[in-house]
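Summary of structural features
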Amino acid sequence: MSLVDKNIKDTQKDECEIYCYDPIKVSKLQDLLSSKSTLHLSKKFKLLADETRLKIILSLSIEGELCVCDVANIIQSSIATASYHLRFLKNQV
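Residues numbered from 1 in each chain as written. Predicted model: local features only at pLDDT ≥ 70, side-chain atom pairs only at ≥ 80, totals over all residues. Heavy atoms only, no water.

Looking at the overall build of the protein chain
Counting its secondary structure elements, the protein chain contains six helices and zero strands. In the protein chain, the succession of helices and strands from N to C terminus is α-α-α-α-α-α. Counting over 93 residues, the protein chain shows a buried share of 11%. For the protein chain, the accessible surface area stands at approximately 8100 Å², while carbon and sulfur atoms represent 59% of it. (Helix = DSSP H or I, 4+ residues; strand = E, 2+ residues; numbered from the N terminus. Buried < 20%, exposed > 50% of the residue type's maximum accessible area, 1.4 Å probe, protein only. Areas by Shrake-Rupley, 256 points an atom, 1.4 Å probe, with all protein chains shown as cover.)

Here's the deal with the nonpolar core
Membership of the largest hydrophobic core is limited to seven residues, which are Leu47, Ile56, Val71, Ala72, Ile75, Ala82 and Leu89. Mapped by element, the contributors of at least two residues to this core are α5 (68-74) and α6 (79-92). (Core = buried A, V, L, I, M, F, W, Y, C linked by side-chain atoms within 4.5 Å.)

Notes on unusual backbone geometry
Its identity as a non-glycine residue notwithstanding, glutamine 76 has a phi of 55°, on the positive side. Summarising the element assignment, glutamine 76 is placed in the loop between α5 and α6.

Observations concerning the pattern of salt bridges
Here the structure, examined in full by the defined rule, presents one salt bridge. Where glutamate 51 meets lysine 55, a salt bridge forms, and the shortest distance between an N and an O atom there is 3.8 Å. Of the two residues, glutamate 51 and lysine 55 are both situated in helix α4 (residues 51-63); the distance of four residues between them amounts to about one turn of the helix. Given the relative accessible area of 38%, lysine 55 is considered partly exposed. (Salt bridge = Lys/Arg side-chain N within 4 Å of Asp/Glu carboxyl O.)

Section: the packing of α4 against α6
The contact between α4 and α6 brings their axes to 10 Å, and the two run at 75°. With respect to their mutual orientation, α4 and α6 come out roughly perpendicular. Only His85, Leu86, Phe88 and Leu89 of α6 make contact with α4, whose side of the interface consists of Thr52, Arg53, Ile56, Ile57 and Leu60. (Axes fitted to C-alpha atoms, helices over the stretch in contact; angles between N-to-C directions. Parallel < 35°, antiparallel > 145°, perpendicular 65-115°, else oblique. Contact = heavy atoms within 4.5 Å.)

What to know about the side chain of serine 59
Tracing the backbone shows serine 59 in helix α4. Among all residues touching serine 59, those that are not within four sequence positions of it are Gly64, Leu66 and Ile74.

As structure tokens, this is what we get:
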């Protein structure tokens, strides 16, 4: 079997032979995943997408409380930068 044949075969496995869906499940999940709830979650994930903020959140979750000086050293930045990120996180949560 050639690589092209294998790719075609793999692609075909992911397709339904007969199109059908469970309207009860779909409706329940559509309601659960309303744009309001997903918007809220996407904002939270956006906060965690920044590596610096993620380091701060993880550090705080481990220690519970940290001085801004500690945070600055953990993220290897100035106190002003650490303060900015802490303020940003506080305002977003």
